[in-house]
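The chain contents come next:
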2 protein chains.
Amino acid sequence: MLWFVGLGVCPPGSIPADAARILESADIIYLETFTSPVEPSACVAGARPAPRWMVEDGREILDNAERSTVALASYGDPMVATTHAELRARAVSRGIRTGVVHAASVASAVFGECGLHHYKAGRTATIMDDAKATLTPYQTTYRNAVSGNHTLLLLEYDVGRGFFLDPGAALRMMRGAEAGQKRGVFAGDTYVVVASRVGMPDQAIRAGRLDTMEGRDYGGPPHSIVVPGPLHFTERDALLALAECSDEPPPEGHAIQSIPHQMMQRYAPAVRRAADSIPDPDRYRTILENALLYVRDAERALEEGHDEVAVLSIGYADGLVDALRMQLNLGEWSPDTKM
Amino acid sequence: MLWFVGLGVCPPGSIPADAARILESADIIYLETFTSPVEPSACVAGARPAPRWMVEDGREILDNAERSTVALASYGDPMVATTHAELRARAVSRGIRTGVVHAASVASAVFGECGLHHYKAGRTATIMDDAKATLTPYQTTYRNAVSGNHTLLLLEYDVGRGFFLDPGAALRMMRGAEAGQKRGVFAGDTYVVVASRVGMPDQAIRAGRLDTMEGRDYGGPPHSIVVPGPLHFTERDALLALAECSDEPPPEGHAIQSIPHQMMQRYAPAVRRAADSIPDPDRYRTILENALLYVRDAERALEEGHDEVAVLSIGYADGLVDALRMQLNLGEWSPDTKM
């Protein structure tokens, strides 16, 4: 039998009753040490440390679980870690009985501690200590922001090596990604929250503009970063009540206008102006009428949430008018120079 | 003092040690009854039931918390519920000390129980028993699927009224939304997972094609639905090991091609063919060269992840060529007829 036992965010106080019972009766206890800022002796007496390679390899743990009752204990919720979910599937396919004791995870606790609505949490990403690997967390944050979601960014953390990525350094890396991507996701005035040691007695939630946050001192790990999407007023109130805010949260939070909205704002009036500039419009009536029709279609599509159709239609309208301008030697302006 | 106390997903076994300690010493205990499938007597002796209006109104709880130690206990993690986060912010602003004991929540436990990677979870939505309110869960699922995320769909649930939305009925409502939206999010072959009574002794994880899943019997609540995004092979293996699968999970999971990719697949060859069909091409060389250039720009933009620029460019190229076709009376074909 193989138990996956969650210790919660601040053992021993966060250990569920069932977990305590199982840890008492298990023949062998492993304590996962690569994501857990946990002193083994503090909560799990007699546990063998299980570094990353041992859990990924899995053979020792599975072999023992075939013969006796084994518990693999870990900080937070055991099934949040991909490695544990995979080890469980391997155990099941080898015919080993498995059980899980769920416990509180930072991934679900952090939003409440920041005063943010949990259901608005989008996909999670991890910032690694590698300037070449910033695109994934950057794009995840962009996609979440455009959809009005909050983003949880975990920071590279390896208890075994004693390494953790500092939140200030992580924020500066995201500024670097911004310089290349220019989507406005990590601008100087982007509001960010750093949640340190969530659930522990010295928990600290700090919030402010990226400009001020990237230089602050956050103390010891674990840390994570939350980039809030647009804020409901109750979230703004809660953030002010629960976090040390170095700057006021913006009334609307981090409202990134989606690229289709940005495009429409520039193109719809530009195409209408270009259509007006065509001399002898009667001669080109069909084309010009079509162009204006597509501008209106684009506006309607955007209102109805069909963003891609809006962009396609406004591009099409622009092409119709520009073909005339090229023929009449009025000079083309390309979408590139208009954006 | 006001404590928010999480009972986890299967009390009393899931109650953290700190929570048990606080419930023993609190002067007044409220048990939130509108999201919790919990028999009060089973785990929290002497608790007063707190229906939704009482927690939303909050005055009785806050008044008592000014004078004595109050614990508000709830199923799962207390801070996942928006109502609790808001009540906490109000307490803080009234100068009342607050504390939270986090516990396991279905929102974080469910992905592991389905064998799915937790970090790929996108925004959560709730399906209400109201055919007019299906657009939000539908669109949330669409956005998550396009971004490669899994979607957790909670089902309307009111312990006080004794009402829960049946998973089969919820799936049929999503089919109704599909009929209007036609984004391919809830097709007959869409693979879905229904997670019932997560963490409880009679937990059941069932998975299969929507066609077969919408008619199954799921037993008593609580239930939730997960619509997996594209599956990593380890997720597919884990799903097969952990769920009762009435159909094989698709090798790639629910890979919805994004609308920009769908558009490009149709438009790039269509615009090239249309450009080839223009008679006397030398006369229109500038326009035709520009059109082909923009088709290539669009393809490159799509490869680089600039989907909106791709759609804008292909629309523009299409407009350039169609302006010529209109002038030459070759017949326009509009993007509408091409899609």
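All of these numbers come straight from a predicted model, not from anything done at the bench.

### What to know about the interface of chain B and chain A
1) Next: Chain B puts 72 residues into the contact, and the matching count from chain A is 73 residues.
2) Next: Here chain B packs against chain A, burying approximately 6,200 Å² in sum over the two surfaces, 60% of which is carbon and sulfur.
3) Next: Summed over the three residues of chain B that lose the most area to chain A, namely B:Arg123, B:Leu312 and B:Tyr316, the buried surface amounts to 12% of that side.
4) Next: Where chain B meets chain A, there are two salt bridges.
5) Next: One salt bridge connects A:Arg88 with B:Glu113, and the closest N-O pair in it is separated by 3.3 Å.
6) Next: Our count for the chain B to chain A interface comes out at 29 residue pairs in polar contact (both at pLDDT 80 or more).
7) Next: In terms of residues, the side of chain B that touches chain A owes the most to one element, helix H13 (residues 307-327) of chain B, which gives 15 residues.
8) Next: Class assignment for the residues of the side of chain B that touches chain A results in 37 nonpolar, 22 polar and 13 charged.

### Considerations on the nonpolar core
1) Next: A:Ile314 and B:Ile314 are the most contacted members of the largest nonpolar core, which has 100 residues in total.
2) Next: With residues up to four places along the chain from it excluded, the contact list for B:Ile314 reads A:Leu312, B:Met264, B:Tyr267, B:Ala268, B:Val271, B:Val295 and B:Ala298.
3) Next: Listed in part, the 24 residues of the second largest apolar core include A:Tyr75, A:Ala107, A:Leu116 and A:Leu239.

### Considering the sheet that holds strand E11 (residues 204-209) of chain B
Residues and elements named next belong to chain B.
1) Next: One open sheet accounts for six strands, arranged E6-E7-E12-E10-E11-E13; its pairing is mixed. Two strands in the sheet have a free side with no partner beyond their single neighbour: strand E6 (125-127) and strand E13 (244-245).
2) Next: Bridge count between E6 and strand E7 (residues 151-155): three bridges; the pairing is parallel. Opposite Thr126, over in E7, you have Leu154 as the bridge partner.
3) Next: Seen against the sheet, helix H7 (residues 135-146) touches E6, E7 and strand E12 (223-227) and runs at an angle of roughly 165 degrees to E7.

### A closer look at the environment of B:Arg59
All names here are of chain B.
1) Next: Mapped onto the elements of the fold, Arg59 is located in helix H4 (residues 59-67).
2) Next: What makes Arg59 exposed here is its relative accessible area of 53%.
3) Next: Between the alpha carbons of Arg59 and Ile96 there is a distance of 13 Å; along the sequence they are 37 residues apart.

Reading guide: rules and limits
Residues numbered from 1 in each chain as written. Chains lettered and ligands numbered in written order. Predicted model: local features only at pLDDT ≥ 70, side-chain atom pairs only at ≥ 80, totals over all residues. Heavy atoms only, no water. Contact = heavy atoms within 4.5 Å. Buried area = accessible area lost by both parts, 1.4 Å probe. Salt bridge = Lys/Arg side-chain N within 4 Å of Asp/Glu carboxyl O. Polar contact = N/O pair within 3.5 Å; in protein donor to acceptor, adjacent residues only side chain to side chain. Helix = DSSP H or I, 4+ residues; strand = E, 2+ residues; numbered from the N terminus. Nonpolar A, V, L, I, M, F, W, Y, C, P; charged D, E, K, R; others polar. Core = buried A, V, L, I, M, F, W, Y, C linked by side-chain atoms within 4.5 Å. Buried < 20%, exposed > 50% of the residue type's maximum accessible area, 1.4 Å probe, protein only. Pairing = 2+ DSSP bridges. Axes fitted to C-alpha atoms, helices over the stretch in contact; angles between N-to-C directions.

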